[in-house]
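Results of the structural survey
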Amino acid sequence: MSGVANFFTGLPAELRDPVFFAIPFFLLLLTLEWTAARKLEKFDAAAAAENSPKDRPSSGAYLTRDSMASISMGLISIATTAFWKTLALLGYAAIYAYLAPWHLPATKWYTWVVAIVGVDLLYYVYHRVAHRMRLIWATHQAHHSSQYFNFATALRQKWNNSGEILMWLPLPFLGVPPWLIFFSWSLNLIYQFWVHTERIDKMPRWFEFIFNTPSHHRVHHGMDQQYLDKNYGGIFIIFDRMFGSFQKELFRPHYGLTKQVDTFNIWKLQTHEYAAIARDWRSATRFRDRLGYVFGPPGWTPRKVEQKATAAPLITSR
């Protein structure tokens, strides 16, 4: 670990990822939440037994295998994100140097506002597209695959950041320094860690109105019909309110995917949707149906299949 730390501190200051320095705080909060879950387990067990006949996880509960899968995916994502950031650096630096009509100075406060708010707005757009286009959903669904909602779930990150890299291309065009884009990206990710908990109920009303909170993000992870495809915000919830994707928390969500993936194999958790897309592609007889399976929303089926189905049309995204 010290070797990794030495390598990291040897990088130029602009390329050091704040997420690396946040890891000890992540672990501390994980430990505190886990301890609280154990202390309050008897109360949660009674509530879970009353609300779910199917062994629904109790509020804030931890399952060791589930948490280890999440932590393992998070550790690997540190390496994969570094790879994607290296690729992005080449493109962002070229755009910033040769195509940007101006260069915003990193010493000015407004440049930081443009970077932080710009990253969060573009994250909102990317996140919303990820829930509505199956090919991108395949990269994101791993984060939603846990039936538990706790700080360990926050670490269940995807390994393919190519979509985000493309989504943030407008920022170097606007003259935002590439290193500041990366810093804002990491700040966004660090902020989202604390909203993955059931141990925090509601924040003050003004805070709930502006910022993403545990209450808002519990809705986002809910697989209940009323909660599907809501609350995409990273740091701010304002964009959800502006663009009609906000949903207030009305009841405790059921977490996970609408079609649960019952495995703790981290490779399968990351890749099973890609395999499903490939199977659907091969099974389709029309090219337009193949395109629908790839670029349509999760759960999309050809019209002829929908007409023959006896069940109600699928309207969920996952």
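Just so we're clear, the structure is a prediction, and the values are computed from it rather than from any experiment.

**Thoughts on the environment of Ile116**
Secondary-structure assignment places Ile116 in helix α5 (residues 109–132). Sequence-wise, Ile116 and Phe182 are 66 residues apart; in three dimensions their C-alpha atoms are separated by 10.0 Å.

**What about α5?**
In this model, α5 (24 residues) spans 35 Å end to end at C-alpha, consistent with the 34 Å of a helix rising 1.5 Å per residue. Taken together, the buried positions of α5 are occupied by Thr111, Ala115, Gly118, Val119, Asp120, Leu122, Tyr123, Tyr124, Tyr126, His127, Ala130 and His131. The elements touched by buried residues of α5 are α6 (134–144), α8 (162–167), α9 (170–173), α10 (178–193), α12 (214–221) and α13 (238–242).

**Topic: the UniProt feature "transmembrane region" (unreviewed entry) in the chain**
In the numbering adopted here, UniProt assigns the feature "transmembrane region" (unreviewed entry) to residues 20–37, 75–97, 109–126 and 165–194. Here residues 75–97 is 100% helix and 0% strand, with 33 Å between the C-alpha atoms at its ends.

**Some words on unusual backbone geometry**
The phi torsion at Asp229 lies on the positive side, around 60°, for a residue other than glycine. Mapped onto the fold, Asp229 is located in the loop between α12 and α13. Since its relative accessible area comes to 14%, Asp229 is described here as buried. At Asn231, a position not held by glycine, the phi torsion is positive, near 55°. Take Asn231: it is sitting in the loop between α12 and α13.

**Some points on the packing of α5 against α6**
At a minimum axis separation of 7 Å, α5 and α6 run at an interaxial angle of 100°. Between α5 and α6, the angle is such that the two are roughly perpendicular. Residue-level contacts link Tyr126, His127, Val129, Ala130, His131 and Arg132 of α5 to Arg134, Ile136, Trp137, Thr139, His140 and His144 of α6. Among the residues making up the contact of α5 with α6, the classes are represented as five nonpolar, five polar and two charged.

Reading the values: rules and limits
- The residue numbering used here restarts from 1 in each chain and proceeds along that chain's sequence as written.
- Reporting in this predicted model follows two pLDDT cut-offs: at least 70 for local features of residues, and 80 or more for side-chain atom pairs to be given and counted; totals over whole chains, interfaces and linings ignore these cut-offs and use all residues.
- Working from all heavy atoms in the structure, the side-chain values ignore hydrogens and water.
- Secondary structure elements follow DSSP: runs of H or I no shorter than four residues count as helices, runs of E no shorter than two count as strands, and numbering proceeds from the N terminus.
- The span expected for a helix works out to 1.5 Å for each residue beyond the first.
- Any residue under 20% of the maximum accessible area for its type is buried, any over 50% is exposed, and the rest in between are partly exposed; the area is computed with a 1.4 Å probe on protein chains only.
- Here, residues are in contact when the closest pair of their heavy atoms is within 4.5 Å.
- UniProt positions are given in the numbering used here, feature names are shortened, and annotations may be inferred rather than shown by experiment.
- In this description, a line fitted to the C-alpha atoms serves as the axis of each element, helices being fitted only across the stretch in contact, and the angle between N-to-C directions of two axes falls anywhere from 0 to 180 degrees.
- An angle counts as roughly parallel when it lies under 35 degrees, as roughly antiparallel when it exceeds 145, as roughly perpendicular when it falls between 65 and 115, and as oblique in every other case.
- When residues are sorted by character, Ala, Val, Leu, Ile, Met, Phe, Trp, Tyr, Cys and Pro go into the nonpolar class, Asp, Glu, Lys and Arg into the charged class, and all the rest, Gly among them, into the polar class.

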